[in-house]
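Here are the chains, one letter per residue:
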Amino acid sequence: MRILILSDIHANFTALEAALAQSAGRWDIAVCLGDIVGYGPDPAEVSEKIRTLTHACIRGNHDKAVAGIMSTEDFNPVAKAAVNWTRSQLSPDLMKWLAELPRGPVESNDVVLVHGAFQDEDEYVFTPAQALEGLLDSTAPVTFFGHTHHQGGFSYLDNNLEVLQIRPRPNELFAPLRVEPGKRYLLNPGSIGQPRDADPRASFAIADLANQTVEFWRVPYEIGKVQSRMRKAGLPEPLVQRLEFGR
Ligand code: ZN
């Protein structure tokens, strides 16, 4: 079973379509780690696509904010403006779907899915200290998380926690990671719609645990097209510009 892992799509349909086109035929089921909406210009198209495409999908903080489950008090003014605009674009049906998305962790086909940390869906996991609990406590050896928009992750074996630097080079579509038996992994596929690790390409992962590999993908897409839709929608300019820098 090859699993396509999508995360932090953030209403960027052009990036999502590019990722799906490049990975066509290379996976059997798709899962999503949340933040389907927020920031980008295509919340309805992306929500509809993720609803029909995925076998399992959990909620992210932006999905909660848009659905009204979580207050936007902690959001910066730019993110708050995007939340309000996003609400105006979604049908009651899609709003209901977003509101009913389950909270992680969710186990699906031998992998665990979380949006932020294993114990707290809204917590960011950037450092080994933040990763340790999830590595030890998760109910499966391989756990996927999102939220930081940074591709990569951590492994753990016999008190040895390793930071995994596994990003495809500019001319590569993917970089493979060998999954070793007995080791535990906390892996981030990166963000489809708003990467923040200095590579603006859409990022995702494909896990094939029967063959002991996880591929970390980066796919270019037409960023300018998304930016012009964002400007037309009146979304905040900092959100428009950051897409081309991957920051
Ligand atoms: Zn996000």
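Each remark here, short or long, concerns the structure printed above.
Remember, it's a predicted structure, so these values are computed and weren't measured experimentally. The residue count restarts for each chain, going from 1 along the sequence in the order it is written. Selection of residues for local features in this predicted model requires a pLDDT of at least 70, selection of side-chain atom pairs for listing and counting requires 80 or more, and totals for whole chains, interfaces and linings are taken over all residues. With hydrogens and water set aside, each side-chain value is computed from the structure's full complement of heavy atoms.

Here the term donor refers to an N, O or S atom within 2.8 Å of the metal (or 3.2 Å for Na, K and Ca), and because water is left out of the atoms, sites may appear incomplete. All of the protein donors around the zinc ion are Asp 8 (OD), His 10 (NE2), Asp 35 (OD) and His 149 (NE2); their distances to the metal are 2.1 to 2.3 Å. For the zinc ion, the four donor atoms are set out with angles of 85 to 178° between them, so the coordination reads as irregular. What makes Asp 8 buried here is its relative accessible area of 0%. The geometry test gives tetrahedral to four donors whose angles all lie between 85 and 135 degrees, gives square planar to four donors and octahedral to six donors whose opposite members are over 155 degrees apart with all other angles between 65 and 115, and gives irregular to the rest. Buried, partly exposed and exposed residues are distinguished by accessible area as a fraction of the type maximum, computed with a 1.4 Å probe on protein chains only: under 20%, between the cut-offs, and over 50%, respectively.

Within this document, salt bridges are pairs made up of a side-chain nitrogen of Lys or Arg and a carboxyl oxygen of Asp or Glu, the two lying within 4 Å of each other. Counted by the stated rule, this structure contains 18 salt bridges. When the shortest N-O distance is used, the salt bridge between Glu 121 and Arg 103 registers 3.6 Å. Here the residue Glu 121 occupies a position in the loop between strand 5 (111–113) and helix 6 (128–137), and Arg 103 occupies one in the loop between helix 5 (92–99) and strand 4 (106–108), the gap between them amounting to 18 residues. On the basis of relative accessibility, which here comes to 9%, the residue Glu 121 falls in the buried class. A run of H or I in DSSP counts as a helix once it spans at least four residues, and a run of E counts as a strand once it spans at least two, with each numbered from the N terminus.

Judged by side-chain charge, Asp 120, Glu 123, Glu 133 and Asp 137 come together as a negatively charged surface patch. Take Glu 133: it is sitting in helix 6. Every patch collects residues that have over 30% relative accessible area and no salt bridge, joining them within 9 Å if they carry like charges and within 5 Å if they are nonpolar side chains (Val, Leu, Ile, Met, Phe, Trp, Tyr). Accessible surface area values rest on a Shrake-Rupley calculation with a 1.4 Å probe, where residue burial reflects the displayed protein chains alone. Note on charges: Lys and Arg go in the positive column, Asp and Glu in the negative column, and His and the chain ends are not counted at all. Every charge is mapped onto a representative atom, which is NZ of Lys, CZ of Arg, CG of Asp or CD of Glu.

Next up on the list: the packing of helix 2 (residues 43–53) against helix 5. Geometrically, a packed helix pair is captured by the angle between its two axes and the distance between the axes. Comment: axis = line fitted to C-alpha atoms, over the contacting stretch for helices; angle = value between 0 and 180 degrees taken between N-to-C directions. Here helix 2 crosses helix 5 at 60°, and the two axes come no closer than 11 Å. Considering their axes alone, helix 2 and helix 5 lie oblique with respect to each other. Crossing geometry of helix 2 relative to helix 5 is assigned as left-handed. Contact with helix 2, carried on its side by Ala 44, Ser 47, Glu 48, Ile 50 and Arg 51, involves Asp 93, Leu 94, Trp 97 and Leu 98 of helix 5 and no other residues of that element. Side-chain classes are defined by residue name, with Ala, Val, Leu, Ile, Met, Phe, Trp, Tyr, Cys and Pro counting as nonpolar, Asp, Glu, Lys and Arg as charged, and the others, Gly among them, as polar. Across the contact of helix 2 with helix 5, the residue classes break down as five nonpolar, one polar and three charged. Any angle that is under 35 degrees is reported as roughly parallel, and any over 145 degrees as roughly antiparallel; angles of 65 to 115 degrees are reported as roughly perpendicular and all others as oblique. Here a crossing is taken to be left-handed if its near helix is turned anticlockwise relative to the far helix by less than a right angle, and right-handed if that turn runs clockwise. Residues count as neighbours in contact if any of their non-hydrogen atoms are within 4.5 Å of one another.

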